[in-house]
Each structure stands twice: as C-alpha cells, then as structure tokens.
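Chain and residue survey
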Amino acid sequence: MTPSIIDTHTHPFDAAFDDDRTEVMARAAEAGIATMICPAIDSASHDSLFALCDSYPDMCRPAMGLHPTSVNDNPDWRNELDIVASYISNACNRRFYAIGEVGLDFYWSRNWQKEQTEAFEAQVCLSLEHNLPLIIHTRDAWPEMLDVLRTFKGRGVRGIMHAFSGTWDDYLAVKECGDFLFGIGGVLTYKKSTLPDILCRLPLDDIVLETDAPYLPPVPFRGKRNEPSYIVYTCRKAAEAKGVSETEMAATTTANACRMFGL
Ligand SMILES: [Zn+2]
C-alpha cells in the first residue's frame, strides 16, 4: 500500500493545469497524496486558488501571501499586501494554513530589494500576529533573508524553508531563528545536486516533501511540467539519501507537515 504523503508546496491552480486539472488531481490521490498546501502568489491568482480549494476542500489547503517577485516593478505592491492582510483577518471566511509564499528573490533583479524586504518583514509580522507558519521562498538572497529572520529571533517565528538548497551553516542559522522545517523537492533528484549530501545530515524530523508543481519536476520528468503525483520520485530519492524506507520517509514527513500546519 502506498503510504499517505503531503505535498507541502504546490500550485495546481496554475494555468498550466487548466486543460487536465481533474486528471492531475486524480493521479495525485492515486499516488497517495492526502493533503496539498497551495501557496498564493498575488491577487491575479487568488480566484483560481480559491476555486481549486473549493473543488477539493479535503485535499487542497490554501496559504495566503505575496510572492517576492510579484513586488518587482509593481507600483501596487502595498495594495497587494493589504489584500493579503485582509484575507488573513478573515475577510473571506476562509481558513488559511500558512503565510506564503513570501521571502526574497534577487535572481531577476536587485532593484526592488528595499520593497521586497519591507513586504517580507510585514508578512513575518502577520504570521506572528495570527500564529501561522511562514512558507519562505529564497533565491539568490540567503544572507539578506537570514538578516530579516534574525530580527525576529526568539519571538516564535516558524515555518518552512521552501525548496531548501542551502548549506549546513544555512540550516544551523535558520534553526537558531525559530522552529523551521526544510522543503525538499525535485532538485534532489538532479545529477549535479548537492542536496543528497546535505539531506544526509538533516534530521528526519526537520524535513518535509514538496513538488512546487508546475515547476522543478523530479527526474525522469525534468524539462516537463511537474505535477503533485511526481512527489513519489522525490520521496524515493530522499529515503535513499537518508537510508530509510519510503514508507518511513512518507510517514515522518507527513507527521512533520501535520505538526507545522496544524492539520
Ligand atoms: Zn511556489
């Protein structure tokens, strides 16, 4: 029997699934995915996120947040933050399971570093205010992201480091700031990935699995569209790297995710 798995970071509401969403969700259920955490990007995707969560209320649990790249070149980003805050304050009578995805991303440009940082800080405050975990996206911004987290150290800050690909020192630095788990995705299966070495050292209780579908598909689907059911390939590889059975990997990461998201 396939053990149940939680995809802690996935976007099945993305337009990439508009033509075959029903089949994609059926394959996810068949693969043993009991729950998916679906992080928001910005207001352009809220309607499709809510429609998905209404169609699959047991399976799809929404997170609400403003993605750092949606701050770039967006004169309306403060308004976007207000929308996030109003949803979290129950304006739509919905339960959100996390603040996400939020963070810093300087891959495309550093021109909006100040704005991204302000948006990130505001959303960390929101997570503390509402006692919700964060889903943190970090790309080409590890030192800056840690600087922000350190200012919240000792205040109960917690959440998931989405698509973790940092070093052992990064891991230690994050753990010092609060209660954090580390999202492991398809990158783990890539030939040149250094993730298997880091994963060896991460305690099993600090790991959760994710797809980030439609992005970052695991081998053998590299270059194609990712989907939640492919999480079993990441689970298999993670189990191999940790020297545990797939069943244990699925069960432990599921328990970790349940604890963090209050499922
Ligand atoms: Zn994402």
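Since this is a predicted model, take the numbers as computed values, not measurements.

Calculation rules
Residues numbered from 1 in each chain as written. Predicted model: local features only at pLDDT ≥ 70, side-chain atom pairs only at ≥ 80, totals over all residues. Heavy atoms only, no water. Core = buried A, V, L, I, M, F, W, Y, C linked by side-chain atoms within 4.5 Å. Buried < 20%, exposed > 50% of the residue type's maximum accessible area, 1.4 Å probe, protein only. Contact = heavy atoms within 4.5 Å. Pairing = 2+ DSSP bridges. Helix = DSSP H or I, 4+ residues; strand = E, 2+ residues; numbered from the N terminus. Axes fitted to C-alpha atoms, helices over the stretch in contact; angles between N-to-C directions. Polar contact = N/O pair within 3.5 Å; in protein donor to acceptor, adjacent residues only side chain to side chain. Donors = N, O, S within 2.8 Å, 3.2 Å for Na, K, Ca; no water. Tetrahedral: all angles 85-135°; square planar, octahedral: opposite > 155°, others 65-115°. Expected span 1.5 Å × (residues − 1). Left-handed = near helix turned anticlockwise from the far one by under 90°. Nonpolar A, V, L, I, M, F, W, Y, C, P; charged D, E, K, R; others polar.

1. As for the nonpolar core
By size, the foremost hydrophobic cluster in this structure holds 68 residues, and its most contacted members are Phe-120, Ile-136, Met-145, Leu-149 and Met-161. In this structure Ile-136 touches Val-102, Gly-103, Phe-120, Met-145, Leu-149, Ile-160, Met-161, His-162 and Phe-180, once residues within four positions along its chain are discounted. If you look at the next biggest cluster of nonpolar residues, it comprises 12 residues, including Ile-6, Ala-63, Ala-98 and Met-260.

2. Digging into the sheet that holds strand E6 (residues 158-161)
The parallel open sheet is built from 5 strands, whose spatial order is E4-E5-E6-E7-E8. Pairing within the sheet leaves two strands with one partner each, and these edge strands are strand E4 (99-105) and strand E8 (207-209). Strand-to-strand twist in this sheet, taken as the mean axis angle between neighbours without regard to direction, amounts to 30 degrees. Of the pairings in the sheet, the one linking E6 to strand E7 (residues 179-184) comprises 4 bridges and is parallel in character. Of the residues in E7, the one forming a bridge with Arg-158 is Asp-179. The sheet strands contacting helix H4 (residues 113-129) are E4 and strand E5 (134-139), and the helix crosses E4 at an angle near 150 degrees. Each of E6 and E7 touches helix H6 (residues 168-177); the most contacted strand, E7, lies at about 145 degrees to it.

3. What about the environment of Arg-27?
Note on placement: Arg-27 falls in helix H1 (residues 21-30). The partly exposed category is assigned to Arg-27, whose relative accessible area is 35%. For Arg-27, the residues in contact, after removing those within four places along its chain, are Asp-20, Arg-225, Glu-227 and Ser-229. A distance of 2.8 Å separates polar atoms of two side chains, one belonging to Arg-27 and the other to Glu-227.

4. Focus on the coordination of the zinc ion
The zinc ion binds to the protein through His-9 (NE2), His-11 (NE2), Glu-101 (OE) and Asp-212 (OD); the donor distances cover 2.1 to 2.5 Å. Here the zinc ion binds 4 donor atoms, and the angle range of 88 to 179 degrees at the metal identifies the geometry as irregular.

5. Some details on helix H8 (residues 231-242)
End to end, H8 covers 16 Å across 12 residues, agreeing with the expected 16 Å (1.5 Å per residue, within 8%). Ile-231, Val-232, Thr-234, Cys-235, Ala-238, Ala-239, Ala-241 and Lys-242 are the residues of H8 that are buried. Residues of H8 that are buried sit in contact with strand E1 (5-7), strand E2 (33-39), E7, helix H7 (195-201), E8 and helix H9 (246-261). Gly-243 lies just past H8 and shows a positive phi near 70 degrees.

6. Topic: the sheet that holds E1
Remark on secondary structure: sheet strands pair via backbone hydrogen bonds, oriented parallel or antiparallel. Spatially, E1-E2-E3 is the arrangement adopted by the 3 strands of the open sheet, whose pairing is parallel. The sheet is open, and its two edges are formed by E1 and strand E3 (60-63), each paired on a single side. The sheet shows a mean angle of 20 degrees between the axes of neighbouring strands, taken without regard to direction. Of the pairings in the sheet, the one linking E1 to E2 comprises 3 bridges and is parallel in character. Within E2, the residue paired with Asp-7 across the bridge is Met-36. Sheet strands touched by helix H2 (residues 46-55): E2 and E3. Its angle to E3, the strand with the most contacts, is close to 150 degrees.

7. Some remarks on the packing of H4 against helix H5 (residues 142-151)
Closest axis-to-axis distance for the H4/H5 pair is 11 Å, and the angle between their directions is 35 degrees. At the point where H4 passes H5, the crossing takes the right-handed sense. In contact with Gln-113, Thr-117, Phe-120 and Glu-121 of H4, H5 contributes Glu-144, Met-145, Val-148 and Leu-149. Tallied by class, the residues present in the contact of H4 with H5 amount to 4 nonpolar, 2 polar and 2 charged.

8. Observations regarding the environment of Met-64
Here Met-64 shows up in the loop between E3 and helix H3 (77-88). Taking relative accessible area as the criterion, Met-64 reaches 0% and is therefore assigned buried. Placed 166 residues apart in sequence, Met-64 and Tyr-230 show a C-alpha to C-alpha distance of 24 Å. The contacts of Met-64, once residues within four sequence positions are left out, are Ala-40, His-46, Phe-50, Val-84, Tyr-87, Ile-88, Phe-96, Ala-98, Ile-99 and Gly-100.

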